[in-house]
Amino acid sequence: MAEKPYISVIITAFNRKNYLLYAVDSVLNQTISKEMYEIIVIKNFEDAEIDRYLESKNVRNIKIDDMPVGKYLAEGILNSKGEICCFLDDDDAFLPVKLERVYNIFAHNESLVYYRHTFEVSRNDFDLLTPYREIHNNREAEIYYKPKNIKQMVSLISKRKIGSNMSTISIRKKFYENFIPILAEIKILQDLSFFLFYVFSSSSSEICALDFNSLSIYRVHPSTTQNEKKVSDLEFKTQAVSNTELHLNTTSLLIRYFHCLVRSVKGGESVVCQYLLLSWAGWRVQLNLLQGRKTSISDILNSLKIGIYRNSMIVIAGTFLALLGNIFLSKAISSMFLKIMKEIQGI
């Protein structure tokens, strides 16, 4: 039987204080013994009331300066004692059975390096867990080996919503320790989720588990959505350009890290590299559309390819608009794409 894993729960908080103690309490109120796990809070602020509470509950409290979002996770992993690391955003919460489920699945699968479950969504700022305390999580998690081709890779990422929420992810730490330096450089939360999956997908014989049981709560509030406030086209475009540039820079960073360009020259790129190179083209198309610039045909074709694989209307629409933009380069094409983005995001 596999050795019992000791779990480290890493809670990250950037500026936001409102929900942090609720997140901590959700981890303290688990169905397994507190001796089986530790809680580490990584935050960029000091607060006397919060800090006293964390100390009273024997929660490790680490303050760091403003850093890329990946640095918070990297610091948590470096300071953790557990074999298994679970991540939790400060405005989310674990259901009481979460860590018991994590323990059982990792303890019985020594090759398991990446685990993800689904989550409940709540707009209620009061007791989010009360309606879900009696949930029985009886569905078996699905076990996967690394993707063998690009279609399998895209299917897992898209259909299983790999990049949607960090609070659903747990990893076996020893498999990720060599990747901490690159993790610390990532600047967008969604790219962190993807990166943890990329690492598994670049493995040799390890497995991942995707669980359809809901084991956490995703809290919807004003800072997680723009739907409740009026956003001008200029504000939206500025933010969209900034986010696209960050995604593009991260993808370029990972392409270099996984030696994708070298492998492409040699004709032996991995599935991860194939996905990254297609994604890179997609981000380039999106950035050029937002800025009203022409796009290379190769980028357009690769963007169309990943749009079809993902069944993503925004990517497919953007690809055809990019073709039009190459012929009728004008602000009208860029404005049309911006409108489509806002419609899809419900803004």
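That block above? That's the structure.
Since we're looking at a predicted model, the values are computed, not measured.

**Q** Would you mind showing me how to read the packing of helix 5 (residues 150-159) against helix 8 (residues 189-201) here?
**A** The angle between the axes and the distance between the axes are what describe a pair of packed helices. Direction vectors running N to C along helix 5 and helix 8 enclose 145°, while the axes themselves pass 12 Å from each other. Here the hand of the crossing between helix 5 and helix 8 comes out right-handed. Of the residues in helix 8, those in contact with Met153, Leu156 and Ile157 of helix 5 are Phe194, Phe197, Tyr198 and Ser201. Here the contact of helix 5 with helix 8 is built from residues that sort into 6 nonpolar, 1 polar and no charged.

**Q** Please clarify how the pattern of salt bridges should be interpreted in this entry.
**A** Inspection of the entire model under this criterion finds 10 salt bridges. The residue Asp65 makes a salt bridge to Lys63 at a minimum N-O spacing of 3.9 Å. The class for Asp65 is exposed, based on a relative accessible area of 51%. Between Arg284 and Asp299 there is a salt bridge whose closest N-O contact spans 2.6 Å. One end of the pair, Arg284, is in helix 11 (residues 271-290); the other, Asp299, is in helix 12 (residues 297-310), with 15 residues separating them in the sequence. Arg284 gets classed as partly exposed once you look at its relative accessible area, which sits at 32%. With a relative accessible area of 9%, Asp299 lands in the buried category. Members of the salt-bridge network, linked through shared partners, are Arg16, Asp90 and Asp91.

What counts and what doesn't
Residues numbered from 1 in each chain as written. Predicted model: local features only at pLDDT ≥ 70, side-chain atom pairs only at ≥ 80, totals over all residues. Heavy atoms only, no water. Axes fitted to C-alpha atoms, helices over the stretch in contact; angles between N-to-C directions. Helix = DSSP H or I, 4+ residues; strand = E, 2+ residues; numbered from the N terminus. Left-handed = near helix turned anticlockwise from the far one by under 90°. Contact = heavy atoms within 4.5 Å. Nonpolar A, V, L, I, M, F, W, Y, C, P; charged D, E, K, R; others polar. Salt bridge = Lys/Arg side-chain N within 4 Å of Asp/Glu carboxyl O. Buried < 20%, exposed > 50% of the residue type's maximum accessible area, 1.4 Å probe, protein only.

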